[in-house]
Every structure is written in structure tokens, then in C-alpha cells.
Amino acid sequence: MSNPIIIVGAGLSGLRTASLLSAQGIKCIVLEARDRIGGRILSVSDSNRPELGKFDVGPTWFWPQYEKTITNLAEELNLRTFAQYTKGAMLSERYKDSSPERYILPENHEARSVRFTGGVQSLIDAIAKTIPEGVVKLGTRVKAIQLDKDGAITVIVELANGKKKAFSAAAVVLALPPRIVVNNIEFSPSLPPNLISDLLNKPTWMAGQAKVVAIYERPFWRELGLSGYVSSWVGPLQEIHDASPETGSGALFGFLGIPAKIRHEIGEDKILGLILDQLVKLFGTQAQNVSGILYKDWSLDIETTVEEDLEPIRDYPIYGQSHFVGAWENKIILASTETNSHFGGHLEGALLSAEKAVSKILNYK
């Protein structure tokens, strides 16, 4: 190939694709609209108390018993992991005016999930180190992909300073959520209507969600015999888990049950106040003593969410590969977690999609 493979998106799928291609000696360029790598993976600290650790406001864990690709990669990259804390009772919050009910779940009631020491960002950073310097270009937004009559591919981008630039490509790997592809990139020739419909029918994982992490000096709920796991029909958090680092500080994270459009109307400050009230009701007055609160509403992230994603997902989406045919066949490959039929929405799905994309490129290079 005289021209490089262009990879659009520097999330887990895009970076893993670049790493695998680089290992094969295949030239590639990663174009990322954000000013950071990681995509929907984001591990952050409280700016006022960074010493308390990093916490995931995107995906958090994986399941080694079922997800072998990410398990093997973590070992290959020598990344430290630890088991998600599940000891103690769970709480069930069924009624607004009643105390939460306490349940002891059977031991090994579900597969044990595992977290990365330092957050999932440690996986992103480790993969990035395997990619040659200069391959990843941040602040580079892909606006259009063009195919001429001779089969040459041109990728048009907008840089952070507003200027346009063109890249020639041997093929393009779109490591983006399918709905972002349809809404944000112009194709010439146009994509067929049935393909557009298929892509729009794949909801972007996490796009409509908001995640909150409440940080404490220590995981005090463990001293009360609680696991930190809560299921709530009352809210605002509908599901809560222990998000504490392996040692040191404590943290609880939860997913908001309030639909995205209503969250936007209520506003972050009021939502955080409601969350703190809920945590106090669940875990007692010690829950008032937060050292920091992290809030990430993915529905407000323009690199993640489009209008179609603001409606709540009622059922688990049907994910899987969409195929570019006709003039675009073997020219464009999709690689995001939404394109994996078995592990769509998981980190495992993102890695498997990257591997499949690289396999296709190697087969017709």
C-alpha cells in the first residue's frame, strides 16, 4: 500500500487497530476530533483532591471468565487489575418514603468483574505506547470521505484552528459509533439508504447515560457490612456500585435513571443535590462527607451522542457488523463496540471489532 490506512477515532477500537497494524508494518494514521485519546473511556481525578485516585466515568470493568481478549491483552501489557468489591449486603430502594431493604446475596451469585488499577485509562495509555510517535493526530475532525472514479480515497478533515486538510487513504477504518458516522461524516458517493438505516438502528452505547462518582476518604460502607451495591426504583441513581481504588480512598459510582432530556432541564447542580440526599438515605450521615463528586453526562458529549441517542434504551440493543458494499466495498470498515454481535457495548467488543478490522485489511492489502 502506498497510502496509509486512515483510522477515524482514537478510542479503544481505533488505538488497538493502529497498534495491530503497526505491529504488521502497515502504515496508518489515527484522526481524533477530541483533544485526548480514549473516546468513551475516561478516568479522571477530582481536581481538588487528585491524591485520592482516578475514577472511571466511562466503562469500568470486564469479566475474565467470559472475555478472553481483554484478559489476555491486560496480561500482555502487564497491567495491574483487581476484583470488584462485592462483599457484604446489597441495598434495595423500592419506595420513596421507606428505608432501603438489606439483602445478603448468595456467594458467587454472578461472574466476578475485574477493574484496572488506575482506571481503564491505563489500558488506553498502554496501547498508545505501542503505536509509533506521530501516528495519532488530535483535534482533527473528519468531515468527509470521498471516493473518485479510479478508486482513490480522500479524507477531508477540519483542524482545531478551523483549517481544512486532506489525507489520501488506502482504506478507512471508522472506529466510531455508527450513529456518529451517519450524522457527522459526508460520503461521496452517498451511502445506500439501507446501510444508513442499519447504522442508525445501532444505539450508541452509553450515549444517553450520565455517571456520577462520589469520592470519600475511605470506603466507610464496608465497615457497615455493605458491599456498596444498590438497586433503586426511586433514584435519582438507579444502580450504585463500589468504585473504590484497590487501597486508600473510597468511592461510590452510580448511573442516573433520569432520562437525558429531563437531566438537561433540571441541571447538574440540582441533580448532584438529589444524589447526595439519596446517598445519605442509603448509607447514613457519613455519606455527607464527600471529598469530591465527579459528574459526566455523556448525552452532552458531541463526540459521543446524536439526537437519536437522547431517547432512553428500553431493551438491550441488537449489535453487529454493518457492511459497506458497492463502490465502498473493501474501502471502509466499521470498528466500534457496537459492531460486535456478542460483546457489543463492552470493552471486549471494542477489541474484537479492532481485530476483525485488521484481519480484513490483511486479507485484501
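This text follows the structure it describes.
This one's a predicted model, so the numbers in the text were calculated from it and none came from an experiment.

### What about the overall build of the chain?
1) Next: For the chain, the count of helices and strands is nine helices and 21 strands.
2) Next: In terms of overall size, the chain behaves like a compact globule, its C-alpha atoms giving a radius of gyration of 22 Å where 365 residues would be expected to give roughly 21 Å.
3) Next: Judged by the C-alpha coordinates and their principal axes, the chain covers about 70 × 45 × 40 Å.
4) Next: Put simply, the chain has 365 residues, and 53% of those count as buried.
5) Next: A separation threshold of at least 6 residues defines the contact pool for the chain, and within that pool the share at least 24 residues apart is 71%.
6) Next: Accessible surface computed for the chain: about 17,000 Å², of which carbon and sulfur atoms make up 49%.

### Some words on the sheet that holds strand β2 (residues 28-31)
1) Next: A sheet is described by the order of its strands in space; here five strands give the open sequence β10-β2-β1-β14-β21, paired in parallel fashion. At either end of the open sheet lies a strand with only one pairing partner, and these are β10 (136-137) and β21 (332-334).

### Describing the pairing of strand β7 (residues 89-93)
1) Next: With respect to burial, β7 is a largely interior element, five of its five residues being buried.
2) Next: Burial along β7 is two-sided: A89, L91 and E93 and M90 and S92, pointing in opposite directions, are all buried.
3) Next: Where β7 lies against strand β17 (residues 226-232), four bridges are found, and the strand directions are parallel. Looking across to β17, one finds that A89 is bridged to L226.
4) Next: Pairing geometry for β7 and strand β8 (residues 101-103), over three bridges, is antiparallel. Following the sheet pairing, S92 is matched in β8 by E101.

### Thoughts on unusual backbone geometry
1) Next: Put simply, S188 and P189 share a cis peptide bond, and its omega is 5 degrees.
2) Next: Checked against the element boundaries, P189 lands in the loop between β15 (186-188) and α5 (193-200).
3) Next: Following G235, the chain continues to P236 via a peptide bond in cis, the omega torsion being 10 degrees.
4) Next: The backbone phi angle of N78 is positive, close to 55 degrees, even though this residue is not glycine.
5) Next: Among the structural elements, N78 can be located in the loop between α2 (68-76) and β6 (81-83).
6) Next: In this structure, N330 is a non-glycine residue whose phi angle is positive, near 65 degrees.

### Considerations on the packing of aromatic side chains
1) Next: Here the structure, examined in full by the defined rule, presents twelve aromatic pairs.
2) Next: Taking the centre distance of 6.3 Å and the plane angle of 65 degrees together, the rings of W61 and W63 count as edge-to-face.
3) Next: W61 gets classed as buried once you look at its relative accessible area, which sits at 16%.
4) Next: Arranged with centres 5.9 Å apart and planes meeting at 85 degrees, the rings of F187 and W328 form a pair that is edge-to-face. In this pair, F187 is assigned in strand β15 and W328 in the loop between β20 (292-297) and β21, connecting sequence segments 141 residues apart.
5) Next: Of the aromatic side chains, those joined through ring pairs into one cluster are W61, W63, F253 and F255.
6) Next: Over the face of the ring belonging to W233 we find R94, whose NZ or CZ atom lies 5.0 Å from the ring centre.
7) Next: Of note, K296 hangs over the ring of W298, and the distance from its end group to the ring centre comes to 4.6 Å.

### A short note on the pattern of salt bridges
1) Next: The full count for this structure, using the stated rule, is 15 salt bridges.
2) Next: The closest approach of N and O atoms between R40 and E338, which form a salt bridge, is 2.6 Å. In this pair, R40 sits in the loop between β2 and β3 (43-44) while E338 sits in the loop between β21 and α9 (347-364), placing the two residues 298 residues apart along the sequence.
3) Next: A salt bridge links D309 to R179, with the shortest nitrogen-to-oxygen separation between them at 2.6 Å. Residue D309 is located in the loop between β20 and β21, and its partner R179 is located in helix α4 (residues 178-184); the two are separated by 130 residues in the primary sequence. Grouping residues by exposure puts D309 and R179 together as buried.
4) Next: Bridged by salt links that share partners, the residues E32, R34, K296 and D301 form one connected network.

### Section: the packing of α2 against α9
Angle between the axes and distance between the axes: these two values describe a pair of packed helices.
1) Next: At a minimum axis distance of 8 Å, the contact between α2 and α9 shows a crossing angle of 85 degrees. On the basis of the axis angle, α2 is roughly perpendicular to α9. In contact with K68, T69, I70 and L73 of α2, α9 contributes L347, E348, L351, L352 and E355.
2) Next: Along the lines of polarity and charge, the residues of the contact of α2 with α9 split into five nonpolar, one polar and three charged.

### Topic: the pairing of strand β14 (residues 171-174)
1) Next: Burial along β14 is two-sided: A171 and V173 and V172 and L174, pointing in opposite directions, are all buried.
2) Next: Sheet topology note: the strand β1 (residues 5-8)/β14 ladder contains four bridges and is parallel. Looking at β14, one finds that I5 is bridged to A171.

### Some remarks on the sheet that holds strand β5 (residues 61-62)
1) Next: The strand order β5-β9-β6 describes an open sheet built from three strands, whose pairing is antiparallel. Each having just a single partner strand, β5 and β6 make up the two edges of the open sheet.
2) Next: Where β6 lies against strand β9 (residues 114-116), three bridges are found, and the strand directions are antiparallel. Bridge pairing links T81 to F116 in β9.

Reading the values: the criteria
- Numbering of residues begins from 1 in every chain and follows the order in which that chain's sequence is written.
- Per-residue local features are limited, in this predicted model, to residues with pLDDT of at least 70; the limit for side-chain atom pairs, both in listing and counting, is 80 or more; totals at the level of whole chains, interfaces and linings are taken over all residues.
- Side-chain numbers come from the whole structure's heavy atoms, not from hydrogens or water.
- By the criteria applied, helices consist of DSSP H or I runs no shorter than four residues and strands consist of E runs no shorter than two, each listed in order from the N terminus.
- With C-alpha atoms as the basis for the radius of gyration, the globule rule is written as 2.2 Å multiplied by the number of residues raised to the power 0.38.
- A simple rule labels every residue: compare its accessible area, found with a 1.4 Å probe on the protein chains alone, to the largest value its type can have, and call it buried under 20%, exposed over 50%, or partly exposed in between.
- Whether two residues are in contact is decided by their heavy atoms: any pair within 4.5 Å suffices.
- Accessible areas in this description were obtained via Shrake-Rupley with a 1.4 Å probe; residue shielding takes into account the shown protein chains only.
- Two strands are counted as paired when DSSP detects at least two bridges linking them.
- Under the pairing criterion, centres of Phe, Tyr and Trp rings, with the six-membered ring standing for Trp, must be within 6.5 Å; the plane angle then separates stacked pairs below 30 degrees from edge-to-face pairs above 60, leaving the rest tilted.
- In this analysis the charged atom, NZ for Lys or CZ for Arg, is taken to sit over a ring once it is within 6 Å of the ring centre and within 35 degrees of the ring normal.
- The salt bridge definition used is simple: a Lys or Arg side-chain nitrogen within 4 Å of an Asp or Glu carboxyl oxygen.
- To get an axis, a line is fitted to the C-alpha atoms, and for a helix only the part in contact is used. The angle between two axes follows their N-to-C directions and goes from 0 to 180 degrees.
- Any angle that falls under 35 degrees is termed roughly parallel, while one over 145 is termed roughly antiparallel, one within 65 to 115 roughly perpendicular, and all others oblique.
- Following the grouping adopted for this structure description, the nonpolar residues are Ala, Val, Leu, Ile, Met, Phe, Trp, Tyr, Cys and Pro, the charged ones are Asp, Glu, Lys and Arg, and the polar ones are all others, Gly among them.

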